[in-house]
Amino acid sequence: MKIMIAYDGSRNARLALAQTITMFRDLKPQITLVAVAENPRDITSGNEDFFRQEVDELKQHIAEALEVCQNEQIVAETMLLEGDARKMLLFAAEKKIRPDMLVIARHSHEPDGGFIARSLTYFVDELDYMTFGSVSSFLARRVQCPLLILPSL
């Protein structure tokens, strides 16, 4: 069974990896961890530095996740792409990997802060959904393989 996991190194992504291994271990899955670095919108030295830092962090995160898979004796590989996360994950699923299942972690809507932080997060989430749509809803409408969206804990 080929499983593609959208992986950004976040707490929810790490939990999704652990849950995927637990749920599908007996099927001897071949996991591909896909990380996406979003390109800077304009080419300035500050944005380029920020982008390179993001790429370096993603490389570290997927290397750590690959080590988790190896320790669990799960066959795994990684892929690092650049661009819009929604489109690049769809591209990877449909044109590169062709998994039997795509796994993504839903981001938490409960921030660590108090009422003001929750209110601001809710506003930003709603604005993002209205203008761009979330990654999970984008993929749910378009991806051609089964999609498992794991909730945040």
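Residues numbered from 1 in each chain as written. Predicted model: local features only at pLDDT ≥ 70, side-chain atom pairs only at ≥ 80, totals over all residues. Heavy atoms only, no water.

With respect to the overall build of the chain
Argument step 1. Along the backbone of the chain there are five helices and five strands.
Argument step 2. Written out in order from the N terminus, the α and β elements of the chain read β-α-β-α-β-α-β-α-α-β.
Argument step 3. Per-residue burial over the chain gives 35% buried out of 153 residues.
Argument step 4. Sequence-distant contacts in the chain: of pairs separated by 6 or more residues, those separated by 24 or more amount to 77%.
Argument step 5. Surface accessibility of the chain: about 9600 Å² in total, with carbon and sulfur atoms responsible for 53%. (Helix = DSSP H or I, 4+ residues; strand = E, 2+ residues; numbered from the N terminus. Buried < 20%, exposed > 50% of the residue type's maximum accessible area, 1.4 Å probe, protein only. Contact = heavy atoms within 4.5 Å. Areas by Shrake-Rupley, 256 points an atom, 1.4 Å probe, with all protein chains shown as cover.)

Some thoughts on the pattern of salt bridges
Argument step 1. Tallied over the entire structure, the rule returns three salt bridges.
Argument step 2. Of the charged contacts, one joins Arg52 and Glu48 as a salt bridge, the two residues approaching to 3.1 Å between their closest N and O atoms. Separated by four residues within a single helix, Arg52 and Glu48 lie in helix H2 (residues 45-71), roughly one turn from each other.
Argument step 3. By relative accessible area, Arg52 is classed as partly exposed at 40%. (Salt bridge = Lys/Arg side-chain N within 4 Å of Asp/Glu carboxyl O.)

Let's talk about the confidence of the model for the chain
Argument step 1. With 77% of its residues at a pLDDT of at least 70, the chain reaches an overall mean of 85.
Argument step 2. The least confident element of the chain, judged by mean pLDDT, is helix H4 (residues 115-131) at 55; the most confident is strand E1 (residues 2-6) at 98. (pLDDT = per-residue confidence, 0-100.)

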